[in-house]
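# Residue-level structure breakdown
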Amino acid sequence: MAAIYSLYIINKSGGLIFYKDYGSAGRMDTNDSLRLASLWHSMHAISQQLSPISGCSGIELLEADTFDLHCFQTLTGTKFFAVSEPGTLHMDNLLKHIYELYTDYVLKNPFYEMEMPIRCELFDINLSQAVQKDRVALLGR
C-alpha cells in the first residue's frame, strides 16, 4: 500500500513542471494531470484571497474520503503537492525534503532553465529513494 499516490511540482505561473505517479490504480493521462495542476494552482490562489486571516499562504491540506492532498509552497511561489492516503500526517516533512532535493539537483543543474519541465536524472533517482524510504518508515510505524 503506497502512502503517496502522486507528486506534482507547479511553477509560480501555474504550469506543471513535474509529475510522478506512484499509485497502481487510477493512473491519469497527461491532460488530466495538467488540468489537476492548473485547478490546484487556481484554488490555492483563490483561497489566499478569500481567507479571513491576513497573510494566509493558501490551502496546505485538502482532506477527502479517498485521498488527502498536501501542499508546500516555497517563497518563490513554486508549489509541491502530493496526493496521498487519507490520514497520512507526515507529508509536510516529505514535501520539504523533496524541495531540498529540487534545490540540490534541479536548481543547481547548469542545464536546467527556470520554470521549464524538470528532466534531471539525479533528481529522479534521489526522489525515488526518498519516497521509498518514506514508504518503509510508514510500514514500520
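Only a predicted model underlies this, so the values are computations on that prediction, with no experimental measurement involved.

## A word on the pairing of strand β2 (residues 16–21)
Of the strand pairs in this sheet, strand β1 (residues 4–10) and β2 are connected by five bridges, and their pairing is antiparallel. Pairing of Ile10 across the sheet is with Leu16, part of β2.

## Section: the pattern of salt bridges
Under the counting rule described, the total for this entry stands at two salt bridges. Residues Arg35 and Asp32 are paired through a salt bridge, measuring 2.5 Å at the closest nitrogen-oxygen approach. Here Arg35 pairs with Asp32, and both are found in helix α1 (residues 30–50), just three residues apart, close to one helical turn. Look at Arg35 and you get exposed, because its relative accessible area is 53%. A relative accessible area of 30% means that Asp32 is categorised as partly exposed. Residue Asp104 pairs with Lys108 through a salt bridge whose shortest N-O separation is 3.3 Å.

## As for the nonpolar core
Core analysis: the biggest nonpolar cluster contains 22 residues, and Ile4, Leu7, Ile98, Tyr102, Ile118, Phe123 and Leu127 have the highest contact counts within it. Listed by contribution, the elements that provide at least two residues to this core are β1, β2, β5 (79–84), α2 (91–107) and α3 (121–139). With seven residues, α2 is the largest single contributor of residues to this core. Setting aside its immediate chain neighbours within four residues, Leu7 contacts Phe18, Tyr19, Lys20, Tyr22, Phe81, Ala82, Leu95, Ile98 and Leu127. Core analysis: the second largest hydrophobic core is formed by 10 residues, Trp40, Ile59, Leu69 and Val83 among them.

Reading the values: rules and limits
Residues numbered from 1 in each chain as written. Predicted model: local features only at pLDDT ≥ 70, side-chain atom pairs only at ≥ 80, totals over all residues. Heavy atoms only, no water. Pairing = 2+ DSSP bridges. Helix = DSSP H or I, 4+ residues; strand = E, 2+ residues; numbered from the N terminus. Salt bridge = Lys/Arg side-chain N within 4 Å of Asp/Glu carboxyl O. Buried < 20%, exposed > 50% of the residue type's maximum accessible area, 1.4 Å probe, protein only. Core = buried A, V, L, I, M, F, W, Y, C linked by side-chain atoms within 4.5 Å. Contact = heavy atoms within 4.5 Å.

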